[in-house]
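So you can see what is in the structure, the chains are spelled out below.
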Amino acid sequence: MIECGVVADVETVRCLIQAFCDDNDVSKGYGLLRQVLGDGIVPGNAAFNKLISGFCKEKEYTKVSELLHTMITMNCIPDNFTYQEVINWLCKKGKVSEGFRIFNDLKERGYAPDIVMYTTMIHGLCTMGLGGARKLWFEMFGKGFRPNQYTYNTMIHGFCKSGDFEQARILYKEMCDKGYKETTVSYNTMMTGLCLHGRTDEAYKLFKEMPQKDIVRDVITYNTLIRAISTILHSTYCSSLSSGKSRRSQKFVE
DNA sequence: GTAGGGTTAG
């Protein structure tokens, strides 16, 4: 392109940066950004968002905040997609309160969080107890958004983790009634919660149900159960040892 | 015309 005398523009740069990021070579994309910024070319939000997303995945948080600053200096106003990445990154990092602060800040500044941002935030808040998450769930309804597959699974996971299986099942049923199909994820979510609260037998029932409903079991399905069952075996083995029935328990473990 | 985000284990 350059040899032919065609001048690269912002769109060329955007395409290249996106390609580098899609190819898991975020650093190369970043290098290109630095180079073109030096030449006075400012690629749009798309390029910045792609790089921010890439660096979030690589946990290169210094780069993320640097890019955010560069964006603002270059007059590329971060949009919903930019903030979605940032909030998600903060929540995954355990800085849920900070993410929530930005989320609330955005609303005050006229941004309208959409269903994805609500899902991300509800997911984050679930790690801090269900109060805030439920509040946001209802706020979301008030804004006219309806939960989808992701939102339902997120909230169901929240209830499961807290051990409120009654609420989890109500929501699960509601999800199905709304036409969202049961999936590997929805099953894994329930199973994980049950196992976490020692209800491995119920999780195993679900496990057996899966093929009957043509739902694929994946590595998470198996790992969840294997972990739960091996924990039971281990504690049974230990208690048998202490009560002097080592031979019998050894057989049990086998 | 223009890319793109969110769910399940450890």
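Where an unreviewed UniProt entry is consulted, chain A appears under the name Pentatricopeptide repeat-containing protein, with the organism given as Rubus argutus. The UniProt entry for chain A carries this comment under Sequence similarities (unreviewed entry): "Belongs to the PPR family. P subfamily."

K.L.:
Outline the protein's contact with DNA strand B, listing residues and values.
P.N.:
Taken together, 34 residues surround DNA strand B, and among them Arg14, Phe81, Asp114, His123 and Asn188 come closest. The contact atoms of DNA strand B, taken as those within 4 Å of the protein, divide so that sugar and phosphate hold 40%. Between DNA strand B and Glu11 there is a distance of 3.3 Å, counted from a phosphate oxygen to a side-chain nitrogen or oxygen. Residue Arg227 places a side-chain N or O atom 2.8 Å away from a phosphate oxygen belonging to DNA strand B. Contributions of two or more residues to the surface near DNA strand B are made by helix H1 (10-22), helix H3 (45-57), helix H5 (80-92), helix H7 (115-126), helix H9 (149-162), helix H11 (184-196) and helix H13 (219-242). A total of six residues in the surface near DNA strand B trace back to one element, the largest contributor, which is H9. Here the residues of the surface near DNA strand B are counted per class, giving seven nonpolar, 19 polar and eight charged.

K.L.:
Run through the domain arrangement of chain A, naming residues and quoting values.
P.N.:
Segmenting chain A into domains produces domain 1 (1-78) and domain 2 (79-253). Here the C-alpha centre of domain 2 lies 34 Å away from the C-alpha centre of domain 1. Contacts between the two partners involve eleven residues from domain 1, matched on the other side by nine residues from domain 2. Carbon and sulfur atoms supply 67% of the area buried between domain 1 and domain 2, which totals about 870 Å² over both sides. Area buried by domain 1 at its contact with domain 2 is led by Asn49, Tyr61 and Pro78, which between them contribute 52% of it. If you look at where domain 1 meets domain 2, you find zero salt bridges.

K.L.:
Which residues make up the environment of Phe207, and what values do they have?
P.N.:
Mapping Phe207 onto the fold places it in helix H12 (residues 200-212). Among the residues examined, Phe207 registers a relative accessible area of 11% and is labelled buried. Counting along the chain gives 14 residues from Phe207 to Thr221, while the straight-line C-alpha distance between them is 7.7 Å.

K.L.:
Please give an account of the packing of aromatic side chains that cites residues and values.
P.N.:
Evaluated as defined, the whole model comprises eleven aromatic pairs. Judged by centre distance (6.1 Å) and plane angle (20 degrees), the rings of Phe100 and Phe103 are stacked. With Phe100 and Phe103 both in helix H6 (residues 96-108) and three residues apart, the pair spans about one turn of that helix. Every member of this aromatic cluster is reached through a ring pair, and the members are Phe100, Phe103, Tyr118 and Phe145. We note Arg217 situated over the ring of Phe207; from NZ or CZ to the ring centre the distance is 3.7 Å.

K.L.:
Tell me about the packing of helix H4 (residues 61-73) against H5, and please be specific about residues and values.
P.N.:
Each pair of packed helices can be described by the angle between their axes along with the distance between the axes. Their axes nearest at 12 Å, the elements H4 and H5 cross at an angle of 150 degrees. What the angle tells us is that H4 and H5 run roughly antiparallel. The element H4 and its partner H5 pack so that their crossing is left-handed. Where H4 abuts H5, its residues Tyr61, Val64, Leu68 and Met71 lie against Thr82, Val86 and Trp89.

Rules of the game
- Residues numbered from 1 in each chain as written.
- Chains lettered and ligands numbered in written order.
- Predicted model: local features only at pLDDT ≥ 70, side-chain atom pairs only at ≥ 80, totals over all residues.
- Heavy atoms only, no water.
- UniProt positions renumbered as here; feature names shortened; annotations may be inferred.
- Near = heavy atom within 4 Å.
- Polar contact = N/O pair within 3.5 Å; in protein donor to acceptor, adjacent residues only side chain to side chain.
- Helix = DSSP H or I, 4+ residues; strand = E, 2+ residues; numbered from the N terminus.
- Nonpolar A, V, L, I, M, F, W, Y, C, P; charged D, E, K, R; others polar.
- Domains from an automatic or database assignment.
- Contact = heavy atoms within 4.5 Å.
- Buried area = accessible area lost by both parts, 1.4 Å probe.
- Salt bridge = Lys/Arg side-chain N within 4 Å of Asp/Glu carboxyl O.
- Buried < 20%, exposed > 50% of the residue type's maximum accessible area, 1.4 Å probe, protein only.
- Phe/Tyr/Trp six-rings, centres within 6.5 Å; stacked < 30°, edge-to-face > 60°.
- Lys NZ or Arg CZ within 6 Å of the ring centre and 35° of its normal.
- Axes fitted to C-alpha atoms, helices over the stretch in contact; angles between N-to-C directions.
- Parallel < 35°, antiparallel > 145°, perpendicular 65-115°, else oblique.
- Left-handed = near helix turned anticlockwise from the far one by under 90°.

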